Amino acid sequence: MKSKRLLWMVFCFMSLPALAQNNQFKSLGNLETFDMNAGVLNLFTSYGTARVTAYDSGIIRVRIAMEDFTEPFSYAVIMSPQEPVIEFEENAGKLILSTTLIRLEINKYPLRFAFYTLSGELLNADDPALGTSWLGTEVTTCKSLQAGERFLGLGEKTGNLDRFGSAYINWNTDNPHYGPHDDPLYVSIPFYIGLHSNLAYGIFLDNSYKSLFNFGAGTQRFSSFSAVDGEMDYYFIHQPDVKGIIKDYTALTGRMPMPPLYALGYQQCRWSYYPEREVIDVVENFRFRKIPLDVIYLDIHYMDDYKIFTWHPTRFPEPAKMIDKLKKMGVHTTVIVDPGIKIEKSYAAFEEGLKQDVFIRYPDSALYSAQVWPGWCAFPDFSKPTARKWWSNAFKALTDVGVDGFWNDMNEIASWGGGFTPNFITMDWEGHHSTYRQAKNVYGSLMARATFEGAREWMPNRRPFILTRAGFAGLQRHTALWTGDNQATDEHLMLGVRIINSLGLSGVAFSGVDVGGFSQNATPELFARWMSVGAFSPFFRSHSAIDTRQAEPWAFGENTEAICRNYISLRYKLMPYIYSVFHESSESGMPVNRSLAIDYTFDDAVYKPDFQHEYLFGPNLLVAPSESYKALTDVYLPQGQWYNFYTDEIYEGNTVATAASPVHRLPLFVKAGSAIPMQHLIQNTGERAGDTLYLHLYAGRENVKFEYYEDDGDSYDYQHGVFYSRDIIYDADAQSLTLGKVNGTYPSEFKKVIVVLHGFDDNLKFSVNGSFIATQKVSINLLDALNSEDALYKTTFNSQIEVKQTPALSLVRNSITIEWK
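Definitions and cut-offs
Here the residue numbering is sequential within each chain, running from 1 through the sequence in written order. Confidence filtering applies because this is a predicted model: local features only for residues at pLDDT of at least 70, side-chain atom pairs given and counted only at 80 or more, and all residues used for totals across whole chains, interfaces and linings. To get the side-chain values, take all heavy atoms of the structure and skip hydrogens and water. Labels follow the DSSP assignment, with helices taken as runs of H or I lasting at least four residues and strands as runs of E lasting at least two, numbered in each case from the N terminus. When we talk radius of gyration, it's over C-alpha atoms, and the globule rule is simply 2.2 Å times the number of residues to the 0.38. Note on classification: 1.4 Å probe, protein chains only; a residue is buried when its accessible area is under 20% of the maximum for its type, exposed when over 50%, partly exposed between these limits. Any pair of residues with heavy atoms lying within 4.5 Å of one another is described as a contacting pair. All accessible-area figures derive from a Shrake-Rupley calculation using a 1.4 Å probe, and residue coverage is judged against the displayed protein chains alone. One requirement defines pairing of two strands: DSSP has to find at least two bridges between them. Known as pLDDT, the predictor's confidence for each residue is given on a scale from 0 to 100. In this analysis, rings of Phe, Tyr and Trp, with Trp reduced to its six-membered ring, are considered paired at centre separations within 6.5 Å, and the interplanar angle assigns stacked below 30 degrees, edge-to-face beyond 60, and tilted for intermediate values. Geometrically, a charge over a ring is one whose NZ (Lys) or CZ (Arg) sits within 6 Å of the ring centre while staying within 35 degrees of the ring normal. What counts as an axis is a line fitted to C-alpha atoms, over the stretch in contact for a helix, and the angles between N-to-C directions run from 0 to 180 degrees. Each residue receives one of three labels: charged for Asp, Glu, Lys and Arg, nonpolar for Ala, Val, Leu, Ile, Met, Phe, Trp, Tyr, Cys and Pro, and polar for the others, Gly being one of them. The nonpolar core is taken to be a set of buried Ala, Val, Leu, Ile, Met, Phe, Trp, Tyr and Cys residues, with the residues joined through side-chain atoms within 4.5 Å. Note that bend, as reported per residue, equals the angle between axes fitted to the 7 residues terminating at that residue and the 7 residues originating from it. The working definition used for a salt bridge is a side-chain nitrogen of Lys or Arg within 4 Å of a carboxyl oxygen of Asp or Glu.

### A look at the overall build of the protein chain
Broken down by element type, the protein chain carries 13 helices and 53 strands. For the protein chain, the C-alpha radius of gyration of 28 Å lies close to 28 Å, the compact-globule estimate for 821 residues. By its C-alpha atoms, the protein chain is 105 × 70 × 50 Å across when sized along the principal axes. Each of the 821 residues in the protein chain was classed as buried or not, and the buried ones make up 63%. Across the protein chain, contacts joining residues at least 24 apart in sequence account for 68% of those joining residues at least 6 apart. If you sum the accessible surface of the protein chain, you get close to 30,500 Å²; carbon and sulfur atoms cover 51% of it.

Structure representation (structure tokens):
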């Protein structure tokens, strides 16, 4: 007994130095050797190894490991190195690798990285002493703070637009009562944009372990990013502007495919609509009240005992007939799907999953289980290809009855007891084998991917709608995102705007909030204001909890109903503009909601707390959200000229304007020089809007180009050239409008164009084939009046011209060139 005790004491004593050493701070050491092979620079130091790869002219990857590198593998990055032109040189103290955009100087002693423009301006540099370091398995890179440096992005994060002075954790968390400063939330996107000295750069940390980003919180010396384990693997991005950085980041991690057109319409949700009769009643109410609607949701009560891929036998006895009836009313059905599979021997999904070995297990191979809605559940290992295939196959049961939208929830993973899933449960990790500690942050994205793949398989050549609550960088390739369980307060209204704008800066173009607030009861004024803001967001859905009041537009009284109808209807009139903006997002990664920091990056005013919520909806509409209790609000209008959307009053930029913001009027402005395509009002996107496209043209001093886009809104034929697109170009000097060459083979839905002119001379005449045509006054009704005395809802535009399909026309001074086929 004494010998065993002595042996144990000796073991502990011998372990102490090793333990101390393991927790000792160690930074990347001095360069000892290096080699350059096929464009990859390998660096070997006295402590640690680094590898540098130029992925493109504006993207350089830096990998740093304590010892050997792991096998290259990423769920986020889909881009392969593009083999850009590079130059490499060595001098006494440095290695220098240059692309056509970035000059990377690598200090040898110790190994440190500094990124410059080709003209020698410092973009970003390691802290000279700290650099990249380890504390046990935790790896951290410290970057020297630059004078006046700002930080944007990180996706779904609370706080200010400018992240300077704050720190954030990436660890997907179900937080059902989050506040305006809570962190973390449901999504982890370890990508940020740094700004200083009229320069911009981006850094994406491709590490799915729990990570921390510190932007000068508690220190004036450095910003940093760290992960509790794994490699330091980051991509440094530089372009002349923020747009270029977003474009490169989304080339790296992917962009959203075009969603189905109906998913851009208004969507109604509640926890929960049941039984079937209530679902039908809600939709019939929308149709009776002439409030446009495209999607209705079924929350957890549609299932039998909350079991995924089942229907409740009495609440929804004939789901196919109900869904068919909804489709005949122009409404699509989206159902909730959670990852928890009830452990029940008679339950087919559990039995099949067990047979195919798709569930997460403990290290001793026992089945991992946790409690959620159905009770004790098993959870698919979505990092296992066979599990994703099993999950995909299960969706046939839903698509066969007509479901075409799938709402992925509880995928952080969330469970009762606070969701404390053990870090050591095992994950397949595409055959590389890992644990939940590495997989937690990507679990939601992988579930959404499996859902998307299943829906695509069982909906041939039709675009499904996928929505997720949790995810990781790259989620935009498979799913839209909503920001989880918000609160019915003005504070959350404004917070949601900031989060959606931040997601847009982080590659997620298709996102939204629970309009009206999920928890608590909105006032009529708050609900009305939130609906007007929601009409100018990518994903537009109202959703409320089971213990709150009904939250349909008519549930708050006639005035609120009228305001909701007006702004939902306005969104449907703007659908040609909105769909074109989504197409731009799918091509370039540019968000739909665009923080003013994208176009006005170095204008200090856009970062002020009073103005940081403002954004461009697409390239041309400036939205200034305001709390529901404000009748007047200050709006910052950046450089250029801006039109009041409702009155055509013109404002010079770089100024603060006091805008009327009663609950029925959301402050909204149009950039001068813009062309905004609109259509007749429809009640769902499946209706035809007629053969007339309205093109609202706003006079200005700057040239503006807008790409107009159409396709069938449902299939993937657009990927094979079946689309209709053309540039709409406003030339300020020539005072001309040019409709460019048509691309694609899809026939436009429209046969004629009415150009509505704003800010032009009332006496303006157009030359059409050499003949001048006088303009005519026209009254355009954008928003219905609440009563006959309310003039705020009606706008008389200056003039119009209707031009049917004609040959190319010439514009000389006050004339116009139009061709539409």
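### Digging into the pairing of strand E7 (residues 94-98)
Side chains on a regular strand alternate between the two faces of the sheet. Most of E7 is tucked away: four of the five residues are buried. One ladder, built from four bridges, connects strand E6 (residues 87-90) with E7; its direction is antiparallel. Bridge pairing in E7 places Phe88 opposite Leu97. Taken together, E6 and the strand that follows it, E7, pair antiparallel across an intervening segment of three residues. As defined by bridge partners, E7 adjoins strand E8 (residues 103-107) across five bridges and the pair is classed as antiparallel. Residue pairing in the sheet places Lys94 in a bridge with Asn107 of E8.

### With respect to the confidence of the model for the protein chain
When pLDDT is averaged along the protein chain, the result is 91; 90% of the residues meet or exceed 70. Scored below 50 in pLDDT, residues 1-21 makes zero contacts in the model with residues more than four places away or belonging to other chains.

### Digging into the environment of His301
Mapping His301 onto the fold places it in the loop between strand E22 (295-298) and helix H4 (319-328). Judged by its relative accessible area of 7%, His301 falls in the buried class. His301 sits 82 residues away from Thr219 along the chain, and the two C-alpha atoms are 50 Å apart. When sequence neighbours within four positions are dropped, the list of residues in contact with His301 reads Trp271, Ser272, Tyr274, Tyr306, His312, Arg315, Phe316 and Ile546.

### So, the packing of aromatic side chains
On inspection of all chains with the given rule, the structure shows 60 aromatic pairs. A centroid spacing of 5.8 Å and a plane angle of 65° characterise the contact between Phe73 and Trp429, whose relative ring orientation is edge-to-face. Taken as a pair, Phe73 in the loop between strand E5 (59-65) and E6 and Trp429 in the loop between strand E28 (426-427) and strand E29 (434-435) lie far apart in primary sequence, 356 residues in all. Under the relative-accessibility criterion, Trp429 is labelled buried at 6%. These aromatic residues form a ring-pair network of at least three members: Phe115, Phe151, Tyr192, Tyr201, Phe213, Phe215, Phe225, Tyr234 and Phe236. The aromatic ring of Trp458 is capped on one face by Lys396, whose charged end is 5.7 Å from the ring centroid.

### Points about unusual backbone geometry
Geometrically, the link from Tyr109 to Pro110 is a cis peptide bond, its omega value of -5° lying close to zero. Inspection of the secondary structure assignment puts Pro110 in the loop between E8 and strand E9 (112-116). For the bond running from Tyr274 to Pro275, omega is 0°, close enough to zero to count as cis. Located in the positive-phi region is Asn461, a residue other than glycine, with phi close to 55°. Inspection of the secondary structure assignment puts Asn461 in the loop between helix H8 (436-458) and strand E30 (465-468). On the accessibility criterion, Asn461 (39% relative accessible area) is partly exposed.

### Here we look at the packing of helix H11 (residues 558-573) against helix H12 (residues 575-588)
Two quantities define a packed helix pair, namely the angle between the helix axes and the distance between the axes. Where H11 contacts H12, the axes come no closer than 5 Å and their chain directions differ by 60°. Together, Arg571, Tyr572 and Lys573 of H11 and Met575, Pro576 and Ile578 of H12 make up the contact between the two elements. Across the contact of H11 with H12, the residue classes tally to four nonpolar, no polar and two charged.

### Some thoughts on the nonpolar core
In terms of nonpolar packing, the biggest core is built from 215 residues, with Trp311, Trp391 and Phe536 touching the most fellow members. Per-element accounting of this core gives the leading share, 10 residues, to H8. Among the nonpolar cores identified, the runner-up in size contains 38 residues, and Leu43, Ile60, Trp134 and Met232 belong to it.

### Points about H8
The sharpest bend along H8 measures roughly 55° and falls at Val442. Of all the 23 residues making up H8, 17 are buried; the element is thus mostly covered by neighbouring parts of the structure.

### Observations regarding the pattern of salt bridges
Pairing of side chains with opposite charge becomes possible as their charged atoms draw close. Within this structure, the stated rule accounts for 40 salt bridges. Notably, a salt bridge pairs Glu90 with Lys108, separated by 2.7 Å at the nearest N-O pair. Here Lys108 lies in the loop between E8 and E9 and Glu90 lies in strand E6, a separation of 18 residues in the sequence. With its nearest N and O atoms 3.2 Å apart, the salt bridge here joins Arg150 to Asp604. Taken together, the residues Arg150 in strand E13 (residues 150-153) and Asp604 in the loop between helix H13 (596-599) and strand E37 (615-617) connect sequence positions 454 residues apart. Beyond isolated ion pairs, a larger network of salt bridges with shared partners links Asp174, Asp409, Glu412, Arg469 and Asp485.

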